[in-house]
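A closer look at the structure
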Amino acid sequence: MEIDLFSSFKNQALEKGIVFYYSGKISQNAIATMGDVLKHRFENSENPSSTRKVFSSFIEMIQNALHYSPQSLDGNAEKIGAVAVGKQDGQYFIICGNVVGREFVSRISDKIDMVNGMSKEEVKAAYKAQLRSDDTTGDETSKGAGLGLLTIARDSALPIEYHFKSIAEYDNQYSELHLKTIL
């Protein structure tokens, strides 16, 4: 990487309000470290409620990247993803990206659309019901039966944004999933 590219990246990140960015291997240790960095960054925050929402949504989004990403596409056993946290116009945002199998695209879309179609009261009620339930709705691929999406929706000021991009170099067997929440 040429040194001027780093300067350009840093300047664009600052212009867009990015306060934290990570791209690379995702593991429980990496998530714990990222969480510590975010806690430190917000420890003197003027709004503890916003800080809690940012941290909670960040953890849910990066955990989803860890749990639902296939093993690294290059053959080693590492999972990869990217996450950015920023602030613009007085609101925080989180954007997370990871790879998912193409067979999960419609299932993920349906779950996000369902949660986005709920009122705040419905999200809170579904969240509480899910916490009390041991049922994973028979969905063997889900490790939380939508609790993570409900957590993000509960804290979000706007509907969860998402986008899938097919990865052609792997015969379109995988897609990149990008999630965005504004808090």
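About the criteria used
- Residues numbered from 1 in each chain as written.
- Predicted model: local features only at pLDDT ≥ 70, side-chain atom pairs only at ≥ 80, totals over all residues.
- Heavy atoms only, no water.
- Helix = DSSP H or I, 4+ residues; strand = E, 2+ residues; numbered from the N terminus.
- Buried < 20%, exposed > 50% of the residue type's maximum accessible area, 1.4 Å probe, protein only.
- Contact = heavy atoms within 4.5 Å.
- Areas by Shrake-Rupley, 256 points an atom, 1.4 Å probe, with all protein chains shown as cover.
- Patch = residues over 30% accessible without salt bridge, like charges linked within 9 Å, V, L, I, M, F, W, Y side chains within 5 Å.
- Salt bridge = Lys/Arg side-chain N within 4 Å of Asp/Glu carboxyl O.
- Lys, Arg positive; Asp, Glu negative; His and termini not counted.
- Charge placed at Lys NZ, Arg CZ, Asp CG, Glu CD.
- Pairing = 2+ DSSP bridges.

Broken down by element type, the protein chain carries 6 helices and 5 strands. Reading the helices (α) and strands (β) of the protein chain from amino to carboxyl end gives α-β-α-α-β-β-α-α-α-β-β. Scored against the burial criterion, the 183 residues of the protein chain give a buried share of 38%. The contacts of the protein chain with a sequence gap of at least 6 include a subset with a gap of at least 24, amounting to 69%. For the protein chain, the accessible area works out to roughly 10,800 Å², and carbon and sulfur atoms hold 52% of it.

Turning to a positive patch on the surface, a few remarks are in order. The grouping of K120, K124, K128 and R132 at the surface amounts to a positive patch. Looking at the element boundaries, K124 is found in helix 5 (residues 120–132). For K124, a relative accessible area of 45% translates into the label partly exposed.

Our next topic: the pairing of strand 5 (residues 174–182). The pairing of strand 3 (residues 91–101) with strand 5 spans 9 bridges and is antiparallel. Looking at strand 5, one finds that V100 is bridged to S175. When strand 4 (residues 161–166) meets strand 5, the two strands line up antiparallel, connected through 6 bridges. Paired with F164 across the two strands is L177, which belongs to strand 5.

To continue, consider the pattern of salt bridges. In total, this model carries 2 salt bridges according to the counting rule given. One salt bridge connects R154 with D155, and the closest N-O pair in it is separated by 3.2 Å. We classify D155 as buried; its relative accessible area is 4%. Overlapping salt bridges bring together R52, R154 and D155 as one network.

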